[in-house]
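Chains, contacts and geometry: an overview
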Amino acid sequence: MDYFRAVYVARELSPRALRLTTEALLRNPGNYTIWHFRRLVIDALDSDLVEETLFVDNLAEANSKNYQIWHHKRWLAEKLGPEAANDDHDFTRFILCHDAKNYHAWSHRQWVLQKLGGWDKELDFCHQLLEEDIFNNSAWNQRFFVITRSPLLGGLSAMWDSEVDYTIKAILQNPSNESPWRYLQGLYKGNPDSLITDERIPQLLLNILKENSYCVFAWNFLLDVLCKGLRPNKEIEEAVKGFTELDDAGSSDQDLPTRICSALERMDPIRVNYWAWRKSNLTL
Amino acid sequence: MGELAVEKHAQYILSVEKRKDDFESLVMEHLRLNGAYWGLTTLDIMHKLGSVNPDEVVTWILSCQDKESGGFGGNVGHDPHVLYTLSAVQVLALLDRLDAVDVDKVSDYVAGLQKEDGSFAGDIWGEIDTRFSYVAICCLSLLHRLNKINVEKAVDYIVSCKNLDGGFGSIPGGESHAGQIFCCVGALAITGSLHHIDRDLLGWWLCERQCKDGGLNGRPEKLTDVCYSWWVLTSLIMIDRVHWIDKNKLSKFILNCQDLEKGGISDRPDNAVDVFHTYFGVAGLSLMEYPGLKPIDPAYALPVDVVNRIFFQK
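Quick summary incoming for the structure in this document. (Residues numbered from 1 in each chain as written. Chains lettered and ligands numbered in written order. Predicted model: local features only at pLDDT ≥ 70, side-chain atom pairs only at ≥ 80, totals over all residues. Heavy atoms only, no water.)

**Quick notes on the overall build of chain B**
A tally of regular secondary structure across chain B gives 14 helices and two strands. On the principal axes, the C-alpha backbone points of chain B span a range of 50 × 45 × 40 Å. Within chain B, residue pairs in contact and separated by at least 24 positions form 67% of the contacts whose partners lie at least 6 positions apart. Accessible area for chain B stands at about 11800 Å²; split by element, carbon and sulfur atoms hold 52% of it. For chain B, the distance from the average site of its 29 positive side-chain charges to the average site of its 43 negative ones is 2 Å. (Helix = DSSP H or I, 4+ residues; strand = E, 2+ residues; numbered from the N terminus. Contact = heavy atoms within 4.5 Å. Areas by Shrake-Rupley, 256 points an atom, 1.4 Å probe, with all protein chains shown as cover. Lys, Arg positive; Asp, Glu negative; His and termini not counted. Charge placed at Lys NZ, Arg CZ, Asp CG, Glu CD.)

**So, the packing of helix α9 (residues 178-190) of chain B against helix α11 (residues 228-238) of chain B**
All names here are of chain B. Between α9 and α11, the shortest axis-to-axis distance is 9 Å and the interhelical angle comes to 35 degrees. Crossing geometry of α9 relative to α11 is assigned as left-handed. In this structure, α9 contributes A178, G179, I181, F182, V185, G186 and A189 to the contact, and α11 contributes Y228, W230, W231, V232, T234, S235 and M238. Taken together, the residues that form the contact of α9 with α11 break down as 10 nonpolar, four polar and no charged. (Axes fitted to C-alpha atoms, helices over the stretch in contact; angles between N-to-C directions. Left-handed = near helix turned anticlockwise from the far one by under 90°. Nonpolar A, V, L, I, M, F, W, Y, C, P; charged D, E, K, R; others polar.)

**Quick notes on the interface of chain B and chain A**
Taken together, the contact pairs 48 residues of chain B with 41 residues of chain A. Regarding the contact of chain B and chain A, the summed buried area is about 4100 Å², with carbon and sulfur atoms giving 51% of it. The largest contributions to the chain B side of the interface with chain A come from B:W125, B:L164 and B:W204, which together make up 20% of the buried area. Remark: the boundary between chain B and chain A carries two salt bridges. One salt bridge in this structure joins A:E178 and B:R209, with 2.5 Å as the shortest N-O distance. In this structure, the connection of chain B to chain A is made through 28 residue pairs in polar contact (both at pLDDT 80 or more). Elements represented by at least two residues in the side of chain B that touches chain A include exactly α2 (23-27) and α10 (199-207) of chain B. Top contributing element to the side of chain B that touches chain A by residue count: α10(B), with five residues. For the side of chain B that touches chain A, the class distribution of residues is 16 nonpolar, 16 polar and 16 charged. (Buried area = accessible area lost by both parts, 1.4 Å probe. Salt bridge = Lys/Arg side-chain N within 4 Å of Asp/Glu carboxyl O. Polar contact = N/O pair within 3.5 Å; in protein donor to acceptor, adjacent residues only side chain to side chain.)

**Regarding helix α13 (residues 200-211) of chain A**
The first and last C-alpha atoms of α13(A) sit 17 Å apart over 12 residues, in line with the 16 Å expected at 1.5 Å per residue. Buried residues of α13(A): A:I201, A:P202, A:L204, A:L205, A:L206, A:I208 and A:L209, and no others. (Expected span 1.5 Å × (residues − 1). Buried < 20%, exposed > 50% of the residue type's maximum accessible area, 1.4 Å probe, protein only.)

**Digging into the environment of A:E245**
Positionally, A:E245 belongs in helix α15 (residues 234-247). In this structure, the C-alpha to C-alpha distance between A:E245 and A:L184, residues 61 residues apart in sequence, is 29 Å.

**Points about the packing of aromatic side chains**
This model, assessed by the stated rule, comprises 33 aromatic pairs over all chains. Ring geometry for A:W106 versus A:F125: centroids 6.0 Å apart, planes at 40 degrees, classification tilted. Here A:F125 lies in helix α8 (residues 122-132) and A:W106 lies in helix α7 (residues 103-116), a separation of 19 residues in the sequence. For the residue pair A:W106 and A:F125, the accessibility class agrees, reading buried in each case. An aromatic cluster of three or more residues is present, and its members are B:Y37, B:W38, B:Y134, B:F182, B:Y228, B:W230, B:W231, B:F276, B:Y279 and B:F280. (Phe/Tyr/Trp six-rings, centres within 6.5 Å; stacked < 30°, edge-to-face > 60°.)

**Side note on the pattern of salt bridges**
Close approach of charged atoms allows side chains of opposite charge to pair. If you walk through the whole model with that rule in mind, you get 36 salt bridges over all chains. The shortest N-O distance in the salt bridge between B:K48 and B:E7 comes to 2.5 Å. Here B:K48, found in the loop between α3 (32-45) and α4 (54-62), pairs with B:E7, found in helix α1 (residues 6-18); they are 41 residues apart in sequence, far enough to count as distant. Since its relative accessible area comes to 22%, B:K48 is described here as partly exposed. Several salt bridges share partner residues, and in doing so they unite A:D161, A:D165, A:D198 and A:R200 into one network.

**A short note on helix α6 (residues 85-98) of chain A**
All names here are of chain A. The terminal C-alpha atoms of α6 lie 20 Å apart, and with 14 residues this matches the ideal 20 Å at 1.5 Å per residue to within 8%. Among the residues of α6, A85, D88, H89, F91, T92, I95 and L96 are the ones counted as buried. All buried residues of α6 fall inside an arc of 160 degrees around its axis, so they share one side. Opposite the packed face of α6, turned more than 90 degrees from it, sit the exposed residues D87, C97 and H98. Elements in contact with the buried residues of α6: α4 (49-62), α5 (67-80), α7 and α8. (Arc of directions from axis to C-beta.)

It is worth stressing that arrangement in space is one thing and function is another; only the former is reported here.
Next up, the structure:
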């Protein structure tokens with residue numbers, strides 16, 4: 001470190017300085033001042049940026065949650081330009097294969113997509129990750145990112161219908177999975193009327209509640225659509241009454257949303273205050 | 001419920017402060033200023049700040065300042081960065097020594113990091129992240145110099161990072177993450193812009209972070225970690241929804257993460273302790289009004305009496 005300090009203070013931008021930063025960074029890749037100085041040296045020497053990418057990728061593999069390393073990668077990618085996009089995506093794909101929710105890798109990948117391109121296989125990549133782990137919230141987020149921002153797809157309105165089907169399928173696969181429920185809620189945000197007219201919704205909810213009567217997310221979603229104006233069909237009414245009457249004598253006079261809130265207070269006691277607030281906030 | 005081992009934690013923090021040459025200290029050498037903030041704020045919350053010599057601390061902090069730019073590095077001889085500049089200002093505020101710096105020089109450094117679109121870079125190398133938006137806004141507010149930036153654009157940029165689930169990411173389109181949410185909500189709170197938040201939607205996302213073990217995670221399906229006791233909790237407090245989590249269970253979780261022999265708090269029970277998690281655990285307990293702790297301001301992440309001194313005393 002003393003050798004590094006000497007060249008740093010002297011502002012020596014030489015091959016020796018580069019070697020010193022290499023050694024120092026191998027020992028402590030978090031030291032951001034060394035990274036800064038290394039960039040000055042690289043610029044002064046006009047170093048081979050592809051070689052530099054190999055160096056930083058090696059460090060990233062061992063230190064995948066290090067902010068400085070990812071920022072250095074971004075600096076390099078910006079210099080290398082769009083031709084480097086695919087190699088860069090290959091690298092983040094490699095990192096995500098080992099740590100599919102790595103926030104740094106995802107941020108970097110999003111930046112490269114927007115700045116340098118490489119969108120064509122991104123939706124497939126999201127799908128692959130979700131096949132491996134349908135609970136991967138980062139992959140769900142990236143899916144929305146691609147659908148709404150890719151210049152190669154038609155945007156959310158063009159993809160909306162198929163996205164609803166995709167999400168419903170994921171929910172049915174595992175109804176206790178938070179991410180697709182939020183994704184579904186998000187899809188209908190721009191389309192609130194269709195939330196109460198789309199037959200897929202009550203169908204989905206009934207399918208789940210018949211098999212998983214303690215699914216908090218399903219009850220919550222049903223509560224939401226009822227509050228937004230869904231006219232419950234007979235099946236839904238029976239499902240709610242059937243479930244809530246089991247535990248709660250005296251609930252027979254209450255409307256469906258109130259019954260659901262009471263049931264949620266019992267099903268999800270750690271959030272009892274939230275469900276009590278929902279109950280007190282019901283407007284019909 | 002177990003108890004908070006205040007004495008042990010104070011001893012642990014003071015011992016870390018003294019250690020400069022062991023492996024952990026060397027690896028963390030470049031962010032020692034952050035460490036000073038975490039350690040000293042924890043001491044103050046536990047009414048133990050008197051164990052520290054303020055003049056020594058102030059002298060060391062000033063030696064971390066880059067004379068040319070006015071910004072602070074993470075330790076002596078390090079390049080300036082907004083993260084360490086905030087920590088410097090926070091520690092000086094804690095010690096009531098903001099008079100030790102040229103306020104305009106420091107604020108000019110921070111204000112100079114704002115970009116055209118309202119975002120903030122961390123330093124001259126240009127990394128953009130909503131963390132830096134919070135850090136810049138918090139720092140300038142403590143120095144009474146928010147007027148040096150374009151607050152409206154800063155707010156617009158943060159709002160552009162809002163997601164459908166009501167949360168915020170590091171950049172537009174970035175996944176909602178409790179740490180980033182704290183930064184965005186904090187920045188919006190400080191600039192009087194909380195009306196941009198859907199409090200019910202975000203509040204629900206945040207209270208869903210509480211898991212069966214009572215602890216909080218940072219994103220769906222991730223592990224609980226003591227540091228989220230701060231980020232999720234402050235965010236809930238700032239949007240007035242903290243009653244939506246089970247505070248009892250969370251307190252138990254934090255207390256279970258203590259090392260009762262050596263002092264300090266770890267990310268989860270039985271793991272190694274560090275100053276970072278010690279701070280967040282104690283700060284989280286303070287937010288939940290654990291007896292004997294000073295109250296902490298959720299937006300400025302400093303004891304309330306310090307914040308009051310800055311804003312209400314002339």
